[in-house]
Amino acid sequence: MMRIGIGYDAHALVSGRSLVLGGVTIPFELGLEGWSDADVVVHVIMDALLGAAALGDIGQHFPSGDPAYKGISSLTLLKRVGDLLNEHGWDVGNIDATIIAERPRLRELIDPMRENIGQTLGIARDRVGIKATTNEGLGFAGRGEGIAAYAVALLEKT
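Reading the values: the criteria
- Residues numbered from 1 in each chain as written.
- Predicted model: local features only at pLDDT ≥ 70, side-chain atom pairs only at ≥ 80, totals over all residues.
- Heavy atoms only, no water.
- Helix = DSSP H or I, 4+ residues; strand = E, 2+ residues; numbered from the N terminus.
- Buried < 20%, exposed > 50% of the residue type's maximum accessible area, 1.4 Å probe, protein only.
- Pairing = 2+ DSSP bridges.
- Salt bridge = Lys/Arg side-chain N within 4 Å of Asp/Glu carboxyl O.
- Contact = heavy atoms within 4.5 Å.
- Polar contact = N/O pair within 3.5 Å; in protein donor to acceptor, adjacent residues only side chain to side chain.
- Expected span 1.5 Å × (residues − 1).

Draft legend 1. Structural context of unusual backbone geometry. Here the bond from Arg103 into Pro104 is cis, since omega is -5°, no more than 30 degrees from zero. Looking at the element boundaries, Pro104 is found in the loop between β5 (90-100) and α4 (110-121). Phi is positive for Ala38, which is not a glycine, with a value near 65°. Secondary-structure assignment places Ala38 in the loop between β4 (31-32) and α1 (40-52). The class of Ala38 is buried, set by a relative accessible area of 0%. With phi around 55°, Ala54 is a residue other than glycine that occupies positive phi space. Within the element layout of this structure, Ala54 appears in the loop between α1 and α2 (58-61).

Following this line, the structure appears as structure tokens:
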């Protein structure tokens, strides 16, 4: 049996925070607002994985406001999601994510993101697709007010 899940997330860009995407800290003057490290890429991947397994969403498993998750690395949370999938008999077939941001340019950072996510989930990097695009100046992402991401994930029953 196979299942597909989808995830979407967006975070506002703010000063005084580090910008972390796909587990990579990116040199940039702004970071993403959030309770954890606000890694929008890892968040959408977690939601896609949890959705495919019908196991809820990241807010249910790692609620904002819970002191245990204040400032936590989203890769740590992704590892917990991977463990939960394994407990329920699911293997990750592949993941595909798209980041929507006007700035910074992310092309050179995609491979390290893929490596981080694959390593965290115990899957090969070639099963993790990540792309970045702009919003052509449209909407909150286009105005540089935030960064959004989408992801889909395929799970296979073991």
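Draft legend 2. The arrangement of the sheet that holds strand β1 (residues 2-14) in detail. Strand order across the open sheet formed by 5 strands is β4-β1-β7-β5-β6, with mixed pairing between neighbours. If you trace the sheet from one side to the other, it starts and ends with β4 and β6 (128-133), each paired once. Across 10 bridges, the pairing between β5 and strand β7 (residues 146-157) is antiparallel. Its bridge partner being in β7, Ala97 is matched across the sheet by Ala151.

Draft legend 3. Summary view of the pattern of salt bridges. Applying the stated criterion to the full structure yields 5 salt bridges. Its salt-bridge partner being Arg103, residue Glu29 comes within 2.5 Å of it at the nearest N-O pair. Residue Glu29 is located in the loop between β3 (24-26) and β4, and its partner Arg103 is located in the loop between β5 and α4; the two are separated by 74 residues in the primary sequence. Its relative accessible area of 48% is what places Arg103 among the partly exposed residues.

Draft legend 4. Spatial organisation of the environment of Ser36. By secondary structure assignment, the location of Ser36 is in the loop between β4 and α1. Counting along the chain gives 30 residues from Ser36 to Asp66, while the straight-line C-alpha distance between them is 9.9 Å. Contacts of Ser36, omitting those with residues within four sequence positions, involve Arg17, His43, Tyr69, Gly71, Ile72 and Ser74. Among the polar contacts made by the side chain of Ser36, one reaches the side chain of His43 at a distance of 3.3 Å.

Draft legend 5. Structural view of α1. Between the first and last C-alpha of α1 there are 18 Å, a value that for 13 residues agrees with the 18 Å anticipated at 1.5 Å per step. Most of α1 sits inside the fold, with 12 of its 13 residues counted as buried. By the burial criterion, the buried members of α1 are Val40, Val41, Val42, His43, Val44, Ile45, Met46, Asp47, Ala48, Leu49, Leu50 and Ala52. Following α1 by one or two positions, Ala54 has its phi on the positive side, about 55°.

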